[in-house]
Amino acid sequence: NLGGDLTFNAGSSLNGNFAFTANPSNRDADEILRDVGVLVPVASLNIGVRDSRVQLFGTTMRSTAGGFTFGTPAILNSSLEIITTALGSAGGPVNFNNTLSAAGVDNDLTITAGTGALSFGGAVTSLRNLTVTSAGIFNFTDQADLTVIGSVAITPGITAVNNLTIRANESISLLGGYRDWE
C-alpha cells in the first residue's frame, strides 16, 4: 500500500514479466503511468482504488495474458495503444472499471486483446478515436455513454448490461453486432 502518488517519470517505464498491483492508501492519490511493458511486457497490471485516479501517458502498454485492470477513473493524456497479446499470448483482459476520459481532443485509444475480454464500468468520453480488436466479449457493465470526437471501430460486438449510448462525429462500426441485456 502506498501513502501518496505513484509516478513513473518521463523517460522511464514499468517493464518486466511480473504482476504489478497498486492500491494507494491515499484515496486522493494519482497514479501516473508511462509506456508500460514496452521493453519487456508485464504479466499484468492492476490499479485498484476507486477514489484515486490513474493518469495514462506514453504511447504503448503491453502485457501477456494477465492484461490490465483499472479500478480507478482513468485519464488518457496522449494517444495510447494497449496490447495484451505480447510474446505470443492469446490475449488478456482489459478492464476499465470506472470512467475513462481523454485530457485533450487529439487522444486515440487502440486496444488489441486477442481472445481477452474487455469491459468498461463507466462512461467513456472525450476520446478522438476508439479502435478495439478482440475475439473476446466486450461488456459495458453500467449505464454508460461512449462518446468520441472522431470514429468508433469495434470487433467483436458489444454486450451492454444496462443502457448504452454510442456517439461519434464521424463513424461507428460494430463489426460483431450489438446485444443489450437491459
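The shown structure was predicted, so the numbers you read here are calculated from the model rather than taken from an experiment.

It is not clear to me how the overall build of the protein chain should be interpreted in this structure. Could you clarify?
Across its full length, the protein chain holds 0 helices and 21 strands. For the protein chain, the residues scored as buried account for 48% of the 182 residues in total. Within the protein chain, counting contacts between residues at least 6 apart in sequence, those at least 24 apart form 35% of the total. If you sum the accessible surface of the protein chain, you get close to 7800 Å²; carbon and sulfur atoms cover 48% of it.

Which parts of the structure should I look at to understand the confidence of the model for the protein chain?
Low-pLDDT stretches of the model should not have their predicted coordinates read in fine detail. Mean pLDDT over the protein chain stands at 80; residues scoring 70 or higher make up 77%. For the protein chain, the element scoring lowest by mean pLDDT is strand 1 (residues 6-7), at 54; strand 8 (residues 80-83) scores highest, at 95.

Teacher, can you tell me more about the pairing of strand 14 (residues 130-133) here?
Walk down a regular strand and you will see the side chains alternate between the two sheet faces. Here strand 14 shows a clear split, with L130 and V132 buried on one side and none of T131 and T133 buried on the other. Of the strand pairs in this sheet, strand 11 (residues 109-112) and strand 14 are connected by 4 bridges, and their pairing is parallel. Note that in strand 14 the partner of T110 across the bridge is T131.

How should I be thinking about unusual backbone geometry in this particular structure?
Leaving glycine aside, a negative phi is the common case for residues, and trans is the common case for peptide bonds. Unusually for a residue other than glycine, D35 sits at a positive phi of about 40°. For D35, the position within the fold is in strand 3 (residues 30-36). Under the relative-accessibility criterion, D35 is labelled partly exposed at 23%. One non-glycine residue, L87, lies in positive phi territory at about 55°. Relative to the helices and strands, L87 resides in the loop between strand 8 and strand 9 (94-96).

Please clarify how the environment of L80 should be interpreted in this entry.
Within the secondary structure layout, L80 lies in strand 8. L80 gets classed as buried once you look at its relative accessible area, which sits at 4%. The sequence separation of L80 and L56 amounts to 24 residues, and the corresponding C-alpha distance is 8.1 Å. If we ignore the near neighbours within four places in the chain, the residues touching L80 are L56, G58, T59, T60, M61, D108, L109 and T110.

Just to check I follow, could you spell out the nonpolar core for this structure?
In globular proteins that are soluble, nonpolar side chains generally tend to be buried together. Counting 37 residues, the largest nonpolar core has L56, M61, F70, F96, L109 and I111 as the members making the most contacts within it. If one sorts the elements of this core by residue count, strand 5 (residues 53-62) sits on top with 3 residues. In contact with L109, not counting residues within four places along its chain, are L76, L80, I82, F96, L100, L127, N129, L130 and T131.

What exactly am I supposed to notice about the side chain of T69 here?
In this fold, T69 is placed in strand 6 (residues 68-70). Residue contacts for T69: discarding those within four places in its chain leaves L45, N46, I47, N95 and N97.

Teacher, can you tell me more about the side chain of Q55 here?
Structurally, Q55 can be placed in strand 5. At a separation of 2.8 Å, a polar atom in the side chain of Q55 contacts the side chain of N77. For Q55, the residues in contact, after removing those within four places along its chain, are D30, E31, I32, L33, I75 and N77.

Which parts of the structure should I look at to understand a nonpolar patch on the surface?
On the surface, a nonpolar cluster with roughly 260 Å² of combined accessible area is contributed by V38, L39 and V40. Position of V38 relative to the elements: it lies in the loop between strand 3 and strand 4 (44-47).

Could you clarify how one ought to interpret the packing of aromatic side chains in this entry?
Describing an aromatic ring pair means giving the distance of the ring centres and the angle of the ring planes. Counted according to the given criterion, the structure contains 3 aromatic pairs. Consider the rings of F70 and F96, whose centres lie 4.9 Å apart with planes at 20°: the pair is stacked. Note that F70 is positioned in strand 6 and F96 in strand 9, a separation of 26 residues in sequence. Taken together, the aromatic side chains of F68, F70, F96 and F120 make up a single cluster linked through ring pairs.

The rules behind each value
- Residues numbered from 1 in each chain as written.
- Predicted model: local features only at pLDDT ≥ 70, side-chain atom pairs only at ≥ 80, totals over all residues.
- Heavy atoms only, no water.
- Helix = DSSP H or I, 4+ residues; strand = E, 2+ residues; numbered from the N terminus.
- Buried < 20%, exposed > 50% of the residue type's maximum accessible area, 1.4 Å probe, protein only.
- Contact = heavy atoms within 4.5 Å.
- Areas by Shrake-Rupley, 256 points an atom, 1.4 Å probe, with all protein chains shown as cover.
- pLDDT = per-residue confidence, 0-100.
- Pairing = 2+ DSSP bridges.
- Core = buried A, V, L, I, M, F, W, Y, C linked by side-chain atoms within 4.5 Å.
- Polar contact = N/O pair within 3.5 Å; in protein donor to acceptor, adjacent residues only side chain to side chain.
- Patch = residues over 30% accessible without salt bridge, like charges linked within 9 Å, V, L, I, M, F, W, Y side chains within 5 Å.
- Salt bridge = Lys/Arg side-chain N within 4 Å of Asp/Glu carboxyl O.
- Phe/Tyr/Trp six-rings, centres within 6.5 Å; stacked < 30°, edge-to-face > 60°.

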